[in-house]
Amino acid sequence: MTAIAVDWTRCDGHGLCARLLPEKIGLDEWGYPLVLDPEIEPHLVGAARRAAAACPALALRVR
Ligand code: SF4
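Read on for a plain summary of the structure. Keep in mind that what you see is a predicted model, and the values were worked out from it rather than measured.

Here is what the cut-offs are and how they apply
All residue numbers refer to position in the chain's written sequence, counted from 1. Note on the predicted model: pLDDT of at least 70 is required for a residue's local features to be given, and 80 or more for side-chain atom pairs to be given and counted; whole-chain, interface and lining totals, by contrast, use all residues. The side-chain numbers reported here are obtained from all heavy atoms of the structure, hydrogens and water having been left aside. Each helix is a run of DSSP H or I of at least 4 residues and each strand a run of E of at least 2, with the numbering of both proceeding from the N terminus. To sort residues, take the accessible area from a 1.4 Å probe on protein chains only and compare it with the maximum for the residue type: under 20% means buried, over 50% means exposed, and anything in between is partly exposed. Whether two residues touch is decided by their heavy atoms; if any such pair falls within 4.5 Å, the residues are in contact. Pairing between strands is defined by DSSP: at least two bridges between them are needed. For each residue, the test is whether any non-hydrogen atom lies within 4 Å of the molecule or strand; if one does, the residue is near. Gly counts as polar in this scheme, as do all residues outside two lists: the nonpolar Ala, Val, Leu, Ile, Met, Phe, Trp, Tyr, Cys and Pro, and the charged Asp, Glu, Lys and Arg.

1. As for the side chain of Asp-7
Position of Asp-7 relative to the elements: it lies in the loop between β1 (2–6) and α1 (16–20). On the basis of relative accessibility, which here comes to 17%, the residue Asp-7 falls in the buried class. For Asp-7, the residues in contact, after removing those within four places along its chain, are Ala-59 and Arg-61.

Below, the structure written as structure tokens:
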């Protein structure tokens, strides 16, 4: 199973991940990500990897 997780020691709330993977990530009122569902279905794996690669803080993990 592929899943996403946020490394809270790194995340600084750019919110980019929520724009790139809105199916799985929302934003709280401070702009920090809310993982709505960590499990990534096969058709979203590419988008999840792109979101992780785009995170300026390298805080979004896909495994
Ligand atoms: S893009 Fe990275 S730093 Fe920005 S909110 Fe998402 S996980 Fe945090």
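Further notes follow.
2. Quick notes on the pairing of β1
With respect to burial, β1 is a largely interior element, four of its five residues being buried. By the bridge criterion, two bridges tie β1 to strand β4 (residues 39–40) in an arrangement that is antiparallel. Paired with Thr-2 across the bridge in β4 is Ile-40.

3. What about the site of the ligand?
Close to the ligand lie Cys-11, Asp-12, Gly-13, His-14, Gly-15, Leu-16, Cys-17, Pro-33, Cys-55, Ala-57 and Ala-59. Of the residues that constitute the shell around the ligand, the class distribution is seven nonpolar, three polar and one charged.

4. Some words on unusual backbone geometry
Non-glycine residue Leu-58 carries a positive phi angle of around 50°. Relative to the assigned elements, Leu-58 resides in the loop between α2 (45–54) and β5 (60–62). Residue class for Leu-58 comes out exposed when judged on its relative accessible area of 51%.

5. Observations concerning the side chain of Thr-2
Tracing the backbone shows Thr-2 in strand β1. Assessed through its relative accessible area of 18%, Thr-2 is described here as buried. If sequence neighbours within four positions are ignored, Thr-2 has contacts with Pro-38, Glu-39, Ile-40, Val-45, Val-62 and Arg-63.

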